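So you can see what is in the structure, the chains are spelled out below.
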Amino acid sequence: MRAWLFVLLVFWAFPAAGQPLPDRPADQLLSRPALQALAEAQTARDTAALRRGLASDTPSVQARAAFGLASIPDTTAIPTLTDLLGHGVPAVRTDAAFALAQMPTATAAEALLETLRFERHPEMQRLLIHALGRTGDESSLRALLDIGLPPERDADVALALARYGMRGRTDSTGTDWLTEHLTAPNDWARRNAAYAFGRLEELATNRLGPIRTALDGYSLNDPAAMHLLRALGHAEDSTDSRRIVDWLRSAPDWRTRVEAARALAPRLSSPPARSSLLSALDDDHPLVARTAAETLAGAEWSPRHTRTVANWLNANPDRWRIIAPLLRGLAHNGRSSLVLRTVEDWRAERGPVPYAAALPALAPLDTARADTLLDAALRHDDVRVAAGAVEALGARWDRRRPDNASATFRRLTTAARRGDPALLYRAAPLLADSAFAPLGAADTLASVYRTLATPDDLEGMTSILGALGTLGGAPAEPVLRDALPHPHHAVRQAAAQGLSTALDTTVTAAPTPLPDTPPLDWDALQSLGPHPRLVLETTRGSLTLELNTEQAPQTVQAITRFAREDRYDGVPFHRVVPNFVVQGGDFARRTGFGGPGFFLRTERTRIGHRRGTLGMASAGTDTEGSQFFVPHSMQPHLDGNYTSFGRVVDGMDVVDRLRVNDRITDARVVPTRNR
């Protein structure tokens, strides 16, 4: 027993260099009332109770209090958290460093740097570097590079520099360091440096030469390649076409091929680019084929290419997810009759989701037949169909603002008056256009807003408030002012931002208590155990997710309850973004705008958003409900913004195969004690 304990402690203390930060060590939350009280304080957003916990004589209590404060960025706790960076117990100082990483100011940067200069515990080093990347300024960036950390920390430094850049903190010294590490022998250092250039367009466009050299030297299996292909996609240099085409044709990893297909978007005038994308329509991975179709849709096609696409449609009539974007390309390239016929056939013969996916292809077709189809779609019983019609109207308006705005206004108000968040999310920003102001857009949106209520209509409400702020004027301002004291902070913030825009001044909403959220049920959580498993049977196969009860108790409690109540059965994956995420769990509306009728609190955890992480979708802090997502690849820019509460332990190949409108056929929970 002791030998096994020693092995576990060694593994925890010396994680593999460059890997995403390990999960927080267990603290037996489910059996310790003192820790449970702090978890309840975190859920209640009781920062005073958590600050008192920091002063405890019990290290595990101090650690749990610091961990709880990571979900509530209380800047008054920064001095105490800073003091705890020197605590003798690693669990306390690592949680203190994690909490400081979530704070909105850089006031702790000097303390983080000073601690890092003398810290020798690998886990603590990594969390300090992480915290600096999330909160530090340019001077701390330079100081971080001057410390002289061992090569084992290069991967962490590379990711920290990416985090600096995503906050607009860049420095030529840091860019030089990242460039040098594009060819680092350490896999994760190389991958994270490449990730930085893939995420940061400004950095990439200034270092295209070294990026090309590094990419040319990578093996076809190197995951860093997908990030450098994304970096090349930021540029429009046609000389990269052949390089990118070679990766699209040869890379064994489907995610790398996806990024290659996307990187060809600014190079569609190149014949090799168009030809390789046409060939990729038959890629053995459906998400590569879909990405190729989406990229092709923006190209000007030759008559030969147009015939090739039309023939492909005829040969693959059931591949609607790929055909839908190709229809947009056909519409742009003079095949309106084929597009109209296909939309009409899908309306009659297919379900609402394929029909909705086809509707945006009507955007460039200013014909009576297309208008008739859009009008019918806007009145369709299924909101997903109406949303597809609104998307088409928006694309048509953006492409060529019609001389006669009244027809577009009439159609948009038809959608808006239905009051569904999925429609308002798309229609309200369009109605904010100045062309619609004299037609009564503000009056329409104001009247719709008064019919809405949280939690079910949150995203519709915030969309309207944003549009009213842009429109301004007498009908808009009273609605915005009335929303300032709304119980939910997202509505208050939208109202304040809207008024600030309308009045050209700064308006701040007063803080009010958050709406109620389900309490923690410790008996139910104890019955689940610290690592219950959620098994999802889907139309593509089975996948198993291991949940972390200690790090995200409220989220685990809710998700397992929904599963046990069979609420996920039959629910579609409504969103699949290739090489980003698969998202599902909307059992209320099935559109991506539904929830359980209440909000959960955001629980910030030490589970990084990597390939296979289970995270909660949200419309902002403390707006989580029932929807969840799983990334296809590392997505560290999501860390600290979304609740991560588990990981895929079996069936990641199933996640890779999931497509829009694939469904969960059965969800079941396996408690820890039963395994």
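Keep in mind that what you see is a predicted model, and the values were worked out from it rather than measured.

**A word on the side chain of His-488**
Point 1. If you trace the backbone, His-488 turns up in the loop between helix H30 (476-483) and helix H31 (489-503).
Point 2. At 3.0 Å, the side chain of His-488 and the backbone nitrogen of Ala-490 are in polar contact.
Point 3. Once residues lying within four places of it in the same chain are set aside, the contact partners of His-488 are Leu-458, Pro-515, Phe-599, Asp-622 and Thr-623.

**A word on the packing of aromatic side chains**
Note on aromatic pairs: each is described by the distance of the centres and the angle between the planes.
Point 1. Taken as a whole and judged by the stated rule, the model has ten aromatic pairs.
Point 2. Taking 6.0 Å as the distance between ring centres and 20 degrees as the angle between the ring planes, the aromatic pair formed by Phe-67 and Phe-98 counts as stacked. Placement of Phe-67 in helix H4 (residues 59-69) and of Phe-98 in helix H6 (residues 90-101) is noted, with a sequence separation of 31 residues between them. Both residues of the pair, Phe-67 and Phe-98, count as buried.
Point 3. Looking at Arg-24, its charged tip hangs above the ring of Phe-67, at a distance of 4.7 Å from the centre.
Point 4. The ring of Trp-188 carries Arg-191 above its face, with NZ or CZ at 4.1 Å from the centroid.

**Details of the pairing of strand S2 (residues 541-547)**
Point 1. Among the seven residues in S2, five count as buried, and that is most of the element.
Point 2. Direction of pairing for strand S1 (residues 533-538) relative to S2: antiparallel, over a ladder of six bridges. Bridge pairing in S2 places Leu-534 opposite Leu-545.
Point 3. The turn joining S1 and S2, which pair antiparallel and follow one another in sequence, is formed by two residues.
Point 4. In terms of strand pairing, S2 meets strand S7 (residues 644-650) through four bridges, oriented antiparallel.

**Observations regarding the packing of helix H27 (residues 421-431) against helix H29 (residues 458-471)**
Point 1. For the pair H27 and H29, the least separation of the axes is 8 Å and the interaxial angle reads 5 degrees. With respect to H29, the axis of H27 lies roughly parallel. Side by side, H27 and H29 meet where Pro-421, Leu-424, Tyr-425, Ala-428 and Leu-431 of the first sit next to Gly-460, Ser-463, Ile-464, Ala-467 and Leu-471 of the second.
Point 2. Considering only residue class, the contact of H27 with H29 consists of eight nonpolar, two polar and no charged.

**Topic: the sheet that holds strand S6 (residues 628-631)**
Point 1. As summarised here, the arrangement of the eight strands in space is S3-S4-S6-S5-S7-S2-S1-S8, forming an open sheet in which the pairing is antiparallel. Because the sheet does not close on itself, it has two edges, and the strands there are strand S3 (575-577) and strand S8 (664-670). Each adjacent strand pair in this sheet contributes to an overall mean axis angle of 25 degrees, direction not counted.
Point 2. Bridge count for strand S5 (residues 613-616) against S7 is three bridges, and the pairing is antiparallel. The residue of S7 that forms the bridge with Thr-613 is Arg-647.

**What to know about the packing of helix H18 (residues 271-280) against helix H20 (residues 303-315)**
Point 1. Running from N to C, H18 and H20 point in directions that differ by 5 degrees, and their axes come no closer than 11 Å. Between H18 and H20, the angle falls in the class roughly parallel. From H18, Arg-274, Ser-275 and Leu-278 reach across to H20, where they touch His-305, Thr-308 and Val-309.
Point 2. For the contact of H18 with H20, the residue count by class is two nonpolar, three polar and one charged.

**Some remarks on unusual backbone geometry**
Point 1. Cis geometry is adopted by the peptide bond preceding Pro-455, which originates at Thr-454 and carries an omega value of 5 degrees.
Point 2. In this fold, Pro-455 is placed in the loop between helix H28 (441-449) and H29.
Point 3. Unusually for a residue other than glycine, Asp-566 sits at a positive phi of about 65 degrees.
Point 4. Within the secondary structure, Asp-566 is located in the loop between helix H33 (553-564) and S3.
Point 5. What makes Asp-566 partly exposed here is its relative accessible area of 46%.

**A few points about the nonpolar core**
Point 1. Judged by nonpolar contacts, the single largest core of 222 residues is most densely connected at Leu-144 and Tyr-218.
Point 2. Counting residues per element, this core draws most heavily on helix H25 (residues 383-399), at nine residues.
Point 3. Sequence-distant contacts of Tyr-218, that is, excluding residues within four places in its chain, are made with Leu-182, Arg-190, Ala-194, Ala-224, Ala-225, Leu-228 and Trp-247.

**Regarding the side chain of Arg-190**
Point 1. Relative to the assigned elements, Arg-190 resides in helix H12 (residues 187-199).
Point 2. Setting aside its immediate chain neighbours within four residues, Arg-190 contacts His-181, Leu-182, Thr-183, Ala-184, Pro-185, Tyr-218, Asp-222 and Ala-224.

**Re the pattern of salt bridges**
A side chain with one charge may pair with a side chain of the opposite charge, provided their charged atoms come close.
Point 1. In this structure the tally under the stated criterion is 45 salt bridges.
Point 2. With a closest N to O distance of 2.8 Å, Asp-176 and Arg-207 form a salt bridge. With a gap of 31 residues between them, Asp-176 in helix H11 (residues 172-180) and Arg-207 in the loop between helix H13 (201-205) and helix H14 (208-217) connect regions that are remote in the sequence.
Point 3. Since its relative accessible area comes to 40%, Asp-176 is described here as partly exposed.
Point 4. With a relative accessible area of 18%, Arg-207 lands in the buried category.
Point 5. Sharing partners across several salt bridges, the network here consists of Arg-24, Asp-27, Arg-64, Asp-95, Glu-123 and Arg-606.

Conventions and cut-offs
- Residues numbered from 1 in each chain as written.
- Predicted model: local features only at pLDDT ≥ 70, side-chain atom pairs only at ≥ 80, totals over all residues.
- Heavy atoms only, no water.
- Helix = DSSP H or I, 4+ residues; strand = E, 2+ residues; numbered from the N terminus.
- Polar contact = N/O pair within 3.5 Å; in protein donor to acceptor, adjacent residues only side chain to side chain.
- Contact = heavy atoms within 4.5 Å.
- Phe/Tyr/Trp six-rings, centres within 6.5 Å; stacked < 30°, edge-to-face > 60°.
- Buried < 20%, exposed > 50% of the residue type's maximum accessible area, 1.4 Å probe, protein only.
- Lys NZ or Arg CZ within 6 Å of the ring centre and 35° of its normal.
- Pairing = 2+ DSSP bridges.
- Axes fitted to C-alpha atoms, helices over the stretch in contact; angles between N-to-C directions.
- Parallel < 35°, antiparallel > 145°, perpendicular 65-115°, else oblique.
- Nonpolar A, V, L, I, M, F, W, Y, C, P; charged D, E, K, R; others polar.
- Core = buried A, V, L, I, M, F, W, Y, C linked by side-chain atoms within 4.5 Å.
- Salt bridge = Lys/Arg side-chain N within 4 Å of Asp/Glu carboxyl O.

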